[in-house]
Amino acid sequence: MENPSRLIGKSNAISSLSLSSRDNRGHYYSLGHSDNISLGSPSNNCATACASGTTVNTLSILVNGRHIQQRYKLLTDGIVQVCRVPHAKNIIEKIRFSRFLRRWEDHHINLEHNEITSTINENYMDRSIAYSAIEDVSVWSKSKVIDSDCRFCIRIVTNDCIYFFQVNTLHLRDQWFYSIQWKRNKLKFERILRSANRPEILLKEMMSMIDFAMSTPIEDVEVHHFPLEIISEILQQQEFNLPRFVHENVIVALAPLLEKNYPSPEICDFFSRHCRDSPRSQIVIEMFTPVVQRILKHNTDFGKYPRMRIFIQEYLLALNSQNDGLRVVQDFIKRSTFDDWRPHLGLLLQSIPFPDEALTHDRFIEIFKNVVKHLVEDTRCEVHQTVLGIREGKEGWFEMFCLGGIACDDDGEMFSLMLSKLISCCCRKKRFLLSINKLLPALMLLALRENQSSLDTLCAMLDLDAVENRDNKLQLISTLQSTSIGLKMYAKVCERQIALRELQQKGGPRKLTLPSRSTDNDLAKLLSSGSFGNLECLSLAFTNVTSACAEHLIKLPALRYLNLWSTQFGDAGLELISEHLNRLQVLNLCETPVTDKGLAYLACMKMLRKLNLNSTHLSPLTFEALKEKLPALQECDIRYTDAW
């Protein structure tokens, strides 16, 4: 027995485990008498894996105390090294046959429906290996293979000989092993189910097949579709021959498969028949409800799938037959209001695909306003932002419901709801505030009526210097001073402006580095302690700052160099600093969670000369766009990104 295994690299978990006693990747293994392979750590494990030499069917990683199953793509063909030896009847033959394990042939192996074949059909693979002839498939310890040179093997035992398939990596070996196991068991279940005559045998094999499909580490569409296809075929053949207990057990067994797949037309017929024959069965509510909700959630085209529509109709009739059926149906409808519809619906409606006649029709607006209200009240920015115009210069629902807008029939109540959501969430930005300067008359009128969202918006315009001309600014200030609430809010704006001028006064350090583990609050306290008008170079590398610190960074007018290496500064922060720090010349975003969405905002920072995007989520497309839009850019580190 070898020594206990050593910890695998955290970054790639078990994707390339080795079974050698010590291979060139630094991994270790221990091998017991039963050929059980185990990997672990002498101390606190971050990943462990187990694979049995004869009964392997799962491979899992233990990460932070949770078992996560390793997944593999289904292989149908590939290059492997093959060796074939006869069955050894005694120890002498075993020793004699071991010389064959020094002779390996390269073959392009194909996993067909019924058998394993080679494209050249000669030497060791001069005949195919029928799945029905395979007695056992197992992984094989390389310590038992002579001159294997860091290779990994699968042993396939048939009734007349033994085959060894050898590959270079453990991951590839396991991929072949599970793919062969899937093909072999698929054929076995197919034959058993098609020949089964007794209902209890049929049910038992169906459940075994579904359990196998749900537990295999193979990740492929075929794995979930095959059980549904074969069960659909059997149900069609046995349409009126299955007793009720088999009906119910088949439905229960199918439930896990239908979590990610639609029921086939035959299964829909089977479910519909159960709804008609046993409408008050608990199966209807417990098992059919998630299936029906999934169908409705994904907006299925019932024109293409009429039997799915019939199933839903029968399901609703079955619900209605329950005690207090109408209430049961109403409860189902309430539970089936899916949030996932809103992003797609919002995008569909963002272009306002209605004529002006509809937008001025009282009844239409009365009904449709509730739809827009649901979009506005959604907490997700990608949803409530769909009330804005689909592109710059194109009006959206926000303008339609503005005071005086074509769809406004409530004195700006709907507009105020939109404005409140946008300003409090994701649109308190200079770019947005400048874009709504055209709505200043409506905003000022609502502010005079002490509308809170309008007052907040006018104050934000002053804070971020987002008023287009001096006359508008003076009129805005007069509006705020005209009400008691507005006057108090304007006084706070003046206090913030005074503090900002003190911060931006000439003086203070030119360079500043915050200690590691500093937070957004630490940065805010530091910048409120004096003048930083001379600050040109700020390093926040390896601190705990987030995008929230951007509201303090934009107050530094002289900033030329900003280092955010290994912080949690993200897309929201980039959007904000891109509007205000237009003089920035050097920006380090190495190892930050920024994505293409945030990096696209850097196109506004025309003075950038050096940019570090090492180990970020930069795509090649965004990188090419940045190179075109940043004429002063001289250096850009894109190592360890998709654009590298």
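Residues numbered from 1 in each chain as written. Predicted model: local features only at pLDDT ≥ 70, side-chain atom pairs only at ≥ 80, totals over all residues. Heavy atoms only, no water.

As recorded in an unreviewed UniProt entry, the protein chain goes by C-Maf-inducing protein PH domain-containing protein and comes from Rotaria magnacalcarata.

Another point: helix α15 (residues 413-424). Compared with the 16 Å implied by 1.5 Å per residue over twelve residues, the 17 Å span of α15 between its first and last C-alpha is a close match. Those residues of α15 hidden inside the fold are in contact with α12 (362-377), α13 (381-384), α14 (397-400), α16 (430-435), α17 (440-448) and α18 (452-463). (Helix = DSSP H or I, 4+ residues; strand = E, 2+ residues; numbered from the N terminus. Expected span 1.5 Å × (residues − 1). Contact = heavy atoms within 4.5 Å.)

On to the packing of helix α5 (residues 244-254) against helix α6 (residues 265-277). Remark: α5 packs on α6, axes separated minimally by 11 Å, with the N-to-C direction vectors making an angle of 130°. When the interaxial angle is binned, α5 and α6 end up oblique. Relative to α6, the crossing made by α5 is left-handed. Residues H247, E248, V250, I251 and L254 of α5 form the contact with α6, whose own contacting residues are I267, F270, F271, R273 and H274. Counted by class, the contact of α5 with α6 contains six nonpolar, two polar and two charged residues. (Axes fitted to C-alpha atoms, helices over the stretch in contact; angles between N-to-C directions. Parallel < 35°, antiparallel > 145°, perpendicular 65-115°, else oblique. Left-handed = near helix turned anticlockwise from the far one by under 90°. Nonpolar A, V, L, I, M, F, W, Y, C, P; charged D, E, K, R; others polar.)

What follows is about the sheet that holds strand β8 (residues 105-111). Strand pairs in the sheet, formed through backbone hydrogen bonds, run parallel or antiparallel to each other. Taking strand neighbours across the sheet as the criterion, the seven strands line up as β10-β9-β8-β7-β13-β12-β11 in an open arrangement whose pairing is antiparallel. Of all the strands in the sheet, just β10 (129-130) and β11 (134-140) have a single pairing partner and so form its edges. Where β8 lies against strand β9 (residues 115-118), three bridges are found, and the strand directions are antiparallel. Bridged to N110 within β9 is T117. The strands that helix α2 (residues 170-195) touches are β7 (77-86), β8, β9, β11, β12 (152-158) and β13 (161-167); relative to β11, the one it contacts most, it runs at about 165°. (Pairing = 2+ DSSP bridges.)

Pairing is parallel across the open sheet formed by six strands, whose spatial order is β15-β16-β17-β18-β19-β20. The sheet is open, and its two edges are formed by β15 (511-513) and β20 (635-637), each paired on a single side. This sheet shows a mean twist of 5° between the axes of neighbouring strands, independent of strand direction. Pairing of strand β17 (residues 561-563) with strand β18 (residues 586-588) involves three bridges; the strand directions are parallel.

All right, on to the packing of helix α8 (residues 306-320) against helix α9 (residues 325-335) then. Two numbers describe how α8 lies on α9: the axes approach to 7 Å, and their chain directions differ by 130°. Overall, the two elements α8 and α9 adopt an arrangement that is oblique. Two secondary-structure elements touch here, α8 through Y315, L316, L319 and N320 and α9 through G325, L326, V328, V329 and F332. Within the contact of α8 with α9, the residues separate by chemical class into seven nonpolar, two polar and no charged.

In this structure, E579 sits in helix α23 (residues 571-580). Its relative accessible area of 11% is what places E579 among the buried residues. Separated by 3.0 Å, the side chains of E579 and R431 make a polar contact. Look past the residues within four positions of E579 in its chain and what remains in contact with it is K429, K430 and R431. (Buried < 20%, exposed > 50% of the residue type's maximum accessible area, 1.4 Å probe, protein only. Polar contact = N/O pair within 3.5 Å; in protein donor to acceptor, adjacent residues only side chain to side chain.)

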